[in-house]
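Fold and geometry: a report
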Amino acid sequence: MGETALGARPVMVGRVKEKEAIQAGLSKAIRGHGGLILISGEAGIGKTKMTEELGRLAVLTGCDFAIGRCLPSSPCPYLPFREVLRGQIADETFTTSSTGDVMFQVKDALCRRAQERPAVVVLEDLHWADSASIQVLHFLARNIGGQRSLVVGTYRPEDISFEVAEGLQHPLFDSLRSMRRESLITEIQLGELSEGDVEELLNKLLGGRVHRKVLEEVLREGEGNPLFTIECVHNLLAHGQLTSEKGVWSFAGDLVTVPSTVKDVVMRRVERLPKTTRRVLEAASVIGLSFEPKVLASLMNMRPMDLLEVLEEADRSHAMVKVGDGKVSFAHENLQRVIYDSMSEVRRNEIHREVARILEAEPKSLRLDGEIALHHQHSGERDKCVRYSLSVGMEWLDRKAIFEAVPNLRRVLELTEGDEEHLVERLQALEGMGDCQVSLANYKEGLRDYEEFMRLGGEDVRCARVLRKIAECWSPTRLGKGSSVNCLRYLEEAEVCPRINAFEEGEIAGVRTNLNLWTGNFPKADQLCTRSEECFRRAGDRSREAQQLCYHAWIHLSQGDMPRALETLEKARAMYAGGKDIEQELEVNRLLSEVLYHQGRGREALLAFDSVHHLASQIGDRVSMCWSHIFRTFVNLDLREGAEALKNAKLALDEAMESDSAYMGCMADTVMALVALNRDDIRSALEFSEKAWKVASNFPGTVKTPVKGVTLMARGAAMCRDGRIEEGNALFEDALGWLDGGMGCVIHLAYSLCYYGEALQRQGNAERALDCYTRARSIFKVLGNAPGEERCAKVTGDLRRIIEGEISLREASNLYAK
Ligand SMILES: Nc1ncnc2c1ncn2[C@@H]1O[C@H](COP(=O)(O)OP(=O)(O)OP(=O)(O)O)[C@@H](O)[C@H]1O
Ligand SMILES: [Mg+2]
């Protein structure tokens, strides 16, 4: 029979450059420069084949080689990493730990492995990966550069380029964009095989040469896709349409019927299967791309032994499935899809129902529940589908996996529209969906869900919580656009809800804290923040309490109370201790470094900003990376380290571009302007400050943050130096207005007063300059910033002597003159 010609798996043809890239990556990893390679291309193009080639090379060179696969339909948290690190990391770790924790554990496990011998890890079919796995992958890419490990992922571009839900891209899509920007990946894109490659493939498949006509036909049909090419040959052989004479394969008759679509090709092969095999594969196609023989056996009412025999035959003689240890999968997704589609809908749905019943008897897991929900959906079991989808959706949301939560919750909402019986489920899904929308910054949509909840929810206990969430949507920086009226109204409603609990009271006090901060009422914010911490303590939520403590430190800092800011940060740090949550550690360090800067402890502050930068770079938080460069510029200007200041300002500029943050871009331009001033480059100072102001002037004026004030200050200073005194002074006055009483603005207010004082001094206005420096001095004093205070003391002393006519203006000290 023809198929014997296809017995052995063909060796790889073509792909010379791609193989070289893989070899280069491997050899770098062996030498201790780890990295990530991503192989992409359409289905059947040869991604897996490429990884098989890599596996061969890895084993040949004594590397440790492991594969982790992702599966379609319902995602499973960290599935590929679980497979790769089986035996190294306990399965519970993946189900119970935070993503931050898992990241480190995976990295450490890989690192331990790589200590013995270079480790090569393949992550197959990342287009099906759960979002947490993508986060881990990104984290690895950033942090394995110095290790003897190579991570290679495969994915299909067409499967990640659509929106999963409104405003929600595939997690790999977003991650890829930033990995490219960070130059973290080597990419290998597989395109179609060349004509020569296809010819070689045919020669190898058939064990002889092929006639030109055959090659042309196969080229036309297979479009250089190896899988289609192989399918096509399978089909021709199976229909006896090829004959071999003297080692050359040509068409057997004149009338050649090469099927015109891949689907037809596959279907013809399916039609030729023995009846039992076909039945078995049909049932299997309903379970999924890969399945457990045990489940299929009970579905078919067959003895597992008999079933395995059929499956092995389907593998050996028909190349339809691959029988692996424990699991069986279809040789290709096309096969599963075509077989599935070949059945009538009624029959498929019947099988779905049966599969759901069998899976329900298995030990519970998130992945399984997700599959059960889908089987119930197909079989029309609305009630069960709602229950499973809801529990799966809520669990994903709990893990902050929005990407996975949304489709499940959406399904619940679709199925329960206008349905009284499922009111409880609908309410839960509405709140969950609202939470998803809010975390995607879709406040309008979130509000819509919460409002429907309130319309349907009546006097439910959860009302206080949902009302508070509505209030948050209406906060001045979100939909409130500067007004807190709606926000306050909903908070008041929330507060009078019956049976409100301590946690919710804490959240409400937290929102009120924000509102007061935005209006610059620090004492009130201080008070409310303390209250919300107490509530979280009563509720036993340490993580929320610690978060609130950080916020409180920020309030103290804005009030200029450094000792209390430090004390509060220490408390927060003690609470975080132990858990490996980089974001929380970053927050504490960020505030700590600001405190040091406020206190004029420049050298220590530089070290602290370094650690912020290091933490931020581990998780790719570009905004924080940029922010640390901006503050390093401030500190260096203060320390009179001109060259360092310039270096950091440039880094800030680069990082701001990468971060896409308008706020950071503006701050980076501003520090560039200050550095230029420092170098007496007035033209550049004007240009940069102009650019910064163009952006900053469009920021909403609701919240006083440093950006507007500092930008105006830089622009004022540049103008004054350019001789446009009146305009410049007016800008300075404006700047002071923006910085007085703003969040985190106090140190900038002090420095702006110094810059203004210096400008006034240059203008010969010693009296007003003295006012500025005196005010700045008292702020430095409050902050405990001794160097600032001393410098201002010296200038104010000189200015007094000028006013009294003892010395000339020229002889006076000048804070920023070189
Ligand atoms: N360069 C090649 N030479 C010989 N055979 C190849 C080549 N590339 C792919 N094949 C064969 O083509 C078939 C499909 O390849 P493979 O499974 O690697 O595709 P894939 O890109 O991983 O597809 P999917 O996205 O569906 O996983 C396999 O049988 C494989 O052995
Ligand atoms: Mg593949």
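What counts and how
- Residues numbered from 1 in each chain as written.
- Chains lettered and ligands numbered in written order.
- Predicted model: local features only at pLDDT ≥ 70, side-chain atom pairs only at ≥ 80, totals over all residues.
- Heavy atoms only, no water.
- Helix = DSSP H or I, 4+ residues; strand = E, 2+ residues; numbered from the N terminus.
- Buried < 20%, exposed > 50% of the residue type's maximum accessible area, 1.4 Å probe, protein only.
- Contact = heavy atoms within 4.5 Å.
- Polar contact = N/O pair within 3.5 Å; in protein donor to acceptor, adjacent residues only side chain to side chain.
- Near = heavy atom within 4 Å.
- Areas by Shrake-Rupley, 256 points an atom, 1.4 Å probe, with all protein chains shown as cover.
- Domains from an automatic or database assignment.
- Buried area = accessible area lost by both parts, 1.4 Å probe.
- Salt bridge = Lys/Arg side-chain N within 4 Å of Asp/Glu carboxyl O.
- Phe/Tyr/Trp six-rings, centres within 6.5 Å; stacked < 30°, edge-to-face > 60°.
- Lys NZ or Arg CZ within 6 Å of the ring centre and 35° of its normal.
- Pairing = 2+ DSSP bridges.
- Axes fitted to C-alpha atoms, helices over the stretch in contact; angles between N-to-C directions.
- Expected span 1.5 Å × (residues − 1).
- Parallel < 35°, antiparallel > 145°, perpendicular 65-115°, else oblique.
- Left-handed = near helix turned anticlockwise from the far one by under 90°.

**Side note on the environment of E655**
Topologically, E655 is positioned in helix α31 (residues 642-659). Note on E655: relative accessible area 8%, which makes it buried. Separated by 317 residues in sequence, E655 and V338 have C-alpha atoms that sit 49 Å apart. The residues touching E655, leaving out its near neighbours within four places in the chain, are H613, R622, M625, C626 and H629. A distance of 2.7 Å separates polar atoms of two side chains, one belonging to E655 and the other to R622.

**Some details on the site of ligand 1**
Taken together, 19 residues lie around ligand 1, and G44, K47, T48, K49 and H332 are the ones closest in. Between ligand 1 and T48 there is a distance of 2.7 Å, counted from an oxygen atom to a side-chain nitrogen or oxygen. The separation between an oxygen atom of ligand 1 and a polar main-chain atom of K49 is 2.8 Å. For ligand 1, whose accessible area on its own is 620 Å², the fraction buried by protein is 89%. Elements that contribute at least two residues to the shell around ligand 1 include exactly α2 (47-60) and α10 (226-238). Two domains each donate at least three residues to the shell around ligand 1, and these are domain 1 (16-189) and domain 2 (194-258).

**Brief notes about unusual backbone geometry**
With a phi close to 50°, E223 is a non-glycine residue in the positive phi region. Judged by relative accessible area, E223 falls into the exposed class, the value being 53%.

**Examining the domain arrangement of the protein chain**
Where interface size is quoted, it is often the accessible area lost as the parts come together. You can read the domains of the protein chain as domain 1 (16-189), domain 2 (194-258), domain 3 (373-575) and domain 4 (745-818). Computed from C-alpha coordinates alone, the two centres of domain 1 and domain 3 are separated by 34 Å. In this assembly, 16 residues from domain 1 lie in contact with 14 residues from domain 3. Each partner contributes to the roughly 1100 Å² buried at the junction of domain 1 and domain 3, and carbon and sulfur atoms together form 62% of this total. The tally of links from domain 1 across to domain 3 stands at zero salt bridges. Counting residues per element, the ones that place at least two in the side of domain 1 that touches domain 3 are α4 (91-96), β5 (163-165) and β6 (168-169).

**Side note on the packing of aromatic side chains**
Tallying each qualifying case throughout the model produces 14 aromatic pairs. Residues Y78 and F94 carry aromatic rings whose centres are separated by 5.6 Å and whose planes lie at 45° to one another, so their mutual orientation is tilted. Linking Y78 in the loop between β2 (64-69) and α3 (79-84) with F94 in helix α4, this pair joins segments that are 16 residues apart in sequence. You'll find Y78 and F94 in the same group, each marked buried. Three or more aromatic residues link up through ring pairs in this structure, and these residues are Y597, F609, W627, F631, F634, Y751 and F780. The ring of W554 carries R590 above its face, with NZ or CZ at 5.8 Å from the centroid. When the ring centre of W627 is taken as reference, the NZ or CZ atom of R590 above it lies at 5.1 Å.

**Some details on the sheet that holds strand β10 (residues 248-251)**
Within the open sheet, the three strands sit side by side as β8-β10-β9. Their pairing is mixed. Each edge of the open sheet is held by one strand with a lone partner, namely β8 (209-210) and β9 (242-245). Pairing of β8 with β10 involves two bridges; the strand directions are parallel. Its bridge partner being in β10, R209 is matched across the sheet by V248. Each of β8, β9 and β10 is contacted by helix α9 (residues 212-222), which is oriented at about 65° to β10, the strand it contacts most.

**Overview of the side chain of E507**
Summarising the element assignment, E507 is placed in helix α24 (residues 502-518). Judged by its relative accessible area of 9%, E507 falls in the buried class.

**Section: helix α35 (residues 725-739)**
An ideal rise of 1.5 Å per residue puts 21 Å on 15 residues; α35 measures up with 21 Å between its terminal C-alpha atoms. G741 lies just past α35 and shows a positive phi near 80°.

**Quick word on the pairing of β10**
For β9 and β10, the ladder comprises four bridges, and the chain directions are antiparallel. Note that in β10 the partner of L242 across the bridge is F251. Linkage of β9 to β10, two consecutive antiparallel strands, is achieved through a turn of two residues, within which K246 is found at a positive phi near 50°.

**Looking at the packing of helix α18 (residues 382-398) against helix α19 (residues 402-416)**
Packing of α18 against α19 brings their axes to within 8 Å, and their N-to-C directions diverge by 150°. Classified by the angle between their axes, α18 and α19 sit roughly antiparallel to one another. The chirality of how α18 crosses α19 is left-handed. Listed contacts from α19 to R382, C385, V386, S389, L390, V392, G393, M394, W396 and L397 of α18 are I402, E404, A405, N408, L409, R411, V412, L415 and T416.

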